[in-house]
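Each chain, written out:
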Amino acid sequence: MKNVIVSWSSGKDSTLTLERLMDSDQYHVVGLFTTYLEDEVPFQATPIEVVEMQADLLGLPLVKIALPAVFPSNEVYQSLVVEGLKSSKLDFSCVAFGDMYCNGIAEYRRSYIEPAGWQCVFPLMGEASHKLASEILLRGIVTMLVTADG
């Protein structure tokens, strides 16, 4: 089994990714990581305390990577993520993401994760949204709308 750390945004996609990996006989989840600005995860606007509580309830260590801005340059973001993961002291060879769409994001993530020596894993990539939504419901993953972009 390969040790994997999961990119954790706090939502349903991260949860489904985590559950699939935990069900897999190919991967052993050793932790979660998240990026945050001040006191919340950007985009989802989830308070960092909620993310910490989720990790505690899951019994997994959480690597918190502080960002200098919501949209730092790619170079800054990539460097912070790689250094944050390296300094975590967790033993992993794979980094998992809950990305679903084949819109260039996989190539982008591979461009900075793989040179650091880790393999990227995308358990949801390319699957139909309605099938993922059905699986989320079947698994009993409860979601709550926290923020909306008007």
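Residues numbered from 1 in each chain as written. Predicted model: local features only at pLDDT ≥ 70, side-chain atom pairs only at ≥ 80, totals over all residues. Heavy atoms only, no water.

Draft legend 1. Highlighting the pairing of strand 1 (residues 2–7). Across 6 bridges, strand 1 lies against strand 2 (residues 27–36) in parallel orientation. Residue pairing across strands places Ile 5 opposite Gly 31, the latter belonging to strand 2. In this structure, strand 1 lies alongside strand 6 (residues 94–96), joined through 3 bridges in parallel fashion. Counted as the bridge partner of Val 6 is Ala 96 from strand 6. (Pairing = 2+ DSSP bridges. Helix = DSSP H or I, 4+ residues; strand = E, 2+ residues; numbered from the N terminus.)

Draft legend 2. A look at the packing of helix 1 (residues 12–23) against helix 5 (residues 129–138). The geometry of helix 1 relative to helix 5 is characterised by a closest axis approach of 11 Å and an angle of 75° between their N-to-C directions. Considering the angle they form, helix 1 stands roughly perpendicular to helix 5. Taken together, the residues of helix 5 that come into contact with helix 1 (itself represented by Lys 12, Leu 16 and Arg 20) are Leu 132, Glu 135 and Ile 136. Of the residues assigned to the contact of helix 1 with helix 5, the class counts are 3 nonpolar, no polar and 3 charged. (Axes fitted to C-alpha atoms, helices over the stretch in contact; angles between N-to-C directions. Parallel < 35°, antiparallel > 145°, perpendicular 65-115°, else oblique. Contact = heavy atoms within 4.5 Å. Nonpolar A, V, L, I, M, F, W, Y, C, P; charged D, E, K, R; others polar.)

Draft legend 3. Here's a closer look at the pairing of strand 2. Of all 10 residues making up strand 2, 9 are buried, and the element is well covered by its neighbours. Crossover connection from strand 1 via helix 1 to parallel strand 2: handedness right-handed. (Buried < 20%, exposed > 50% of the residue type's maximum accessible area, 1.4 Å probe, protein only. Right-handed = clockwise from strand over helix to strand, strands pointing away.)

Draft legend 4. Looking closely at unusual backbone geometry. Of note in this structure, Ser 10 is not a glycine but carries a positive phi near 95°. With respect to the element layout, Ser 10 can be found in the loop between strand 1 and helix 1. According to the relative accessible area criterion, Ser 10 is buried, its value standing at 12%. Positive phi, normally seen in glycine, also occurs at Lys 89, with a value near 70°. Within the fold, Lys 89 resides in the loop between helix 3 (74–86) and strand 6.

Fair warning: the whole summary comes from geometry, so function is off the table for now.
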